[in-house]
Amino acid sequence: MESSIAEQQRILASDWGGGKSPFGTSWSKFMMWIFIISDALTFAAFLITYGFMRSISPQWPKQTEVFNMVLITFMTFMLISSSAVMAMAVAAARAANPKLAVRFLFLTILGGLIFLGSQAYEWTNLIEEGARLTRNPWGVPQFSAAFFVITGFHGFHVFTGVTILAIVALRAAMGKYSADGVENAGLYWHFVDVVWVFVFAFFYLL
Amino acid sequence: MADEHDQHSITYKTYLMTWFWLLVLTALALGVGYTNINEKLKAFLLVCTTLAKILVIAAIFMHLRYERINLILITFTPLVLAVILFSFTFPETLGNATHLIRVR
């Protein structure tokens, strides 16, 4: 009898055993991961559609002639840096240091806002040059459609991330923070960074 | 739960080093983007730098290294599903769908 209980506990504690917390995380972190997976598939669909349109198109505009690549590189730098600072904010929150966490969160939000500002500037320039969702001066209409949909969706995610981080930072400043809450917001922020890594490589560089 | 979290208190130095390597990888991707090589080789090299970057971000920034194997595996399902979606759509690009795009 004794050994069968021990056996049962061993099974429940194993990775695939079920048990009380089969994934070894809080429910909120697990839900954040599930959300990130579904959101990643949305972006995968966008990028694959873009790849499809691009490879059936007889021509495609040269990105270096359309985009300001210095600005794009700067935006990438801002997002990667804010991601690194966000990781430090999570570490500070885990170490029960809300003051430091708020400071790091503030820097993360600043990085996100600079990114959004640069993107607004980029969009304004392209729209002034005549780019619309259905037409543009560079030949293939699908080029600007893919551009506005993909960077627009990503920019909306950055905006959402900045909002969530602002709420988390405000709550942390009021002392109402939990390390799990900061970590979940951080997971989302890193995901936004991951999406940009894809967009940067396949939309701007390829 | 609490002691599990204490295990992965990564130092700030680790994050700084990760940040540095991510910038190196970004510079590499930029270099690949600007060289005049075969489109297919370029796409392959960009896939490599991108995969390296997302693995670094997921493993260290998103703490995936310290999670249980079942959580790690489910986070990589979208990549597998995306590859399946990709292989369903791309045979079409070998000449069947060119009429969909009108160049002005």
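All of these numbers come straight from a predicted model, not from anything done at the bench.

Calculation criteria
- Residues numbered from 1 in each chain as written.
- Chains lettered and ligands numbered in written order.
- Predicted model: local features only at pLDDT ≥ 70, side-chain atom pairs only at ≥ 80, totals over all residues.
- Heavy atoms only, no water.
- Helix = DSSP H or I, 4+ residues; strand = E, 2+ residues; numbered from the N terminus.
- Rg over C-alpha atoms; globule rule 2.2 N^0.38 Å.
- Buried < 20%, exposed > 50% of the residue type's maximum accessible area, 1.4 Å probe, protein only.
- Contact = heavy atoms within 4.5 Å.
- Areas by Shrake-Rupley, 256 points an atom, 1.4 Å probe, with all protein chains shown as cover.
- Lys, Arg positive; Asp, Glu negative; His and termini not counted.
- Charge placed at Lys NZ, Arg CZ, Asp CG, Glu CD.
- pLDDT = per-residue confidence, 0-100.
- Salt bridge = Lys/Arg side-chain N within 4 Å of Asp/Glu carboxyl O.
- Buried area = accessible area lost by both parts, 1.4 Å probe.
- Polar contact = N/O pair within 3.5 Å; in protein donor to acceptor, adjacent residues only side chain to side chain.
- Expected span 1.5 Å × (residues − 1).
- Phe/Tyr/Trp six-rings, centres within 6.5 Å; stacked < 30°, edge-to-face > 60°.

What follows is about the overall build of chain A. Helix and strand counts for chain A stand at 7 helices and 0 strands. Against the globule reference of 17 Å for 206 residues, chain A gives a C-alpha radius of gyration of 21 Å, more extended than a compact globule. For chain A, the spread of C-alpha atoms along the three principal axes comes to 75 × 40 × 20 Å. The 206 residues of chain A split such that 53% are buried. Summarising the internal contacts of chain A: among those between residues at least 6 apart in sequence, 76% fall at separations of at least 24. With an accessible surface of roughly 9200 Å², chain A has 69% of that area assigned to carbon and sulfur atoms. A gap of 7 Å separates the mean positions of the 12 positive and 11 negative side-chain charges of chain A.

Quick look at the confidence of the model for chain B now. Residue and element names in this part refer to chain B. Confidence along chain B averages 83 in pLDDT terms, with 83% of residues attaining 70 or more. Taking the mean pLDDT of every element in chain B, the minimum, 44, falls on helix 1 (residues 2–7) and the maximum, 93, on helix 2 (residues 12–34). Considering only residues more than four positions removed or in separate chains, one finds that residues 1–7, a stretch of pLDDT under 50, has 7 contacts. Scored by ipTM, the complex comes to 0.85, with pTM at 0.88.

According to the stated counting rule, one finds 4 salt bridges over all chains in the structure shown. A salt bridge links Glu-183 of chain A to Lys-29 of chain A; the shortest N-O distance between them is 3.2 Å. On the criterion of sequence distance, the pair formed by Glu-183 of chain A in helix 7 (residues 179–205) and Lys-29 of chain A in helix 2 (residues 27–56) is long-range, its members being 154 residues apart. The burial state of Glu-183 of chain A is the same as that of Lys-29 of chain A; both residues are buried. Where Arg-94 of chain A meets Asp-180 of chain A, a salt bridge forms, and the shortest distance between an N and an O atom there is 3.1 Å. A residue pair is termed long-range when its members are at least 10 positions apart, and Arg-94 of chain A in helix 4 (residues 69–94) and Asp-180 of chain A in helix 7 qualify at 86 residues. Connected via shared salt-bridge partners are Lys-29, Arg-94, Asp-180 and Glu-183 of chain A together with Glu-67 of chain B.

Turning our eyes to something else, we now look at the interface of chain A and chain B. Interface size is commonly expressed as the accessible surface area that is lost when the partners come together. With 67 residues of chain A at the interface, the matching set in chain B holds 54 residues. Across the chain A to chain B interface the summed buried area is about 5100 Å²; carbon plus sulfur atoms make up 76%. The largest per-residue losses of area from chain A upon contact with chain B belong to Trp-33, Ile-48 and Ile-56 of chain A, which jointly make up 13% of the total buried on that side. At the junction of chain A and chain B, the tally comes to 1 salt bridge. Note that Lys-29 of chain A and Glu-67 of chain B form a salt bridge whose closest N and O atoms lie 2.7 Å from each other. Counting the contacts that link chain A with chain B gives 4 residue pairs in polar contact (both at pLDDT 80 or more). Among the elements that make up the side of chain A that touches chain B, the one with the highest residue count is helix 2 of chain A (17 residues).

With 31 residues, helix 5 (residues 98–128) of chain A ought to run about 45 Å at 1.5 Å a step, and its terminal C-alpha atoms sit 44 Å apart, in line with that. Among the residues trailing helix 5 of chain A, Gly-130 of chain A stands out with phi positive, at a value near 105°.

Inspection of the entire model under this criterion finds 28 aromatic pairs over all chains. When the centroid spacing of 6.3 Å and the interplanar angle of 50° are considered together, the rings of Phe-77 of chain A and Trp-19 of chain B count as tilted. On the criterion of chain membership, the pair formed by Phe-77 of chain A in helix 4 and Trp-19 of chain B in helix 2 is interchain, its members lying in two chains. An aromatic cluster of three or more residues is present, and its members are Tyr-50, Trp-60, Phe-67, Phe-115, Trp-123, Trp-138, Phe-143, Phe-147, Phe-148, Trp-196, Phe-203 and Tyr-204 of chain A.

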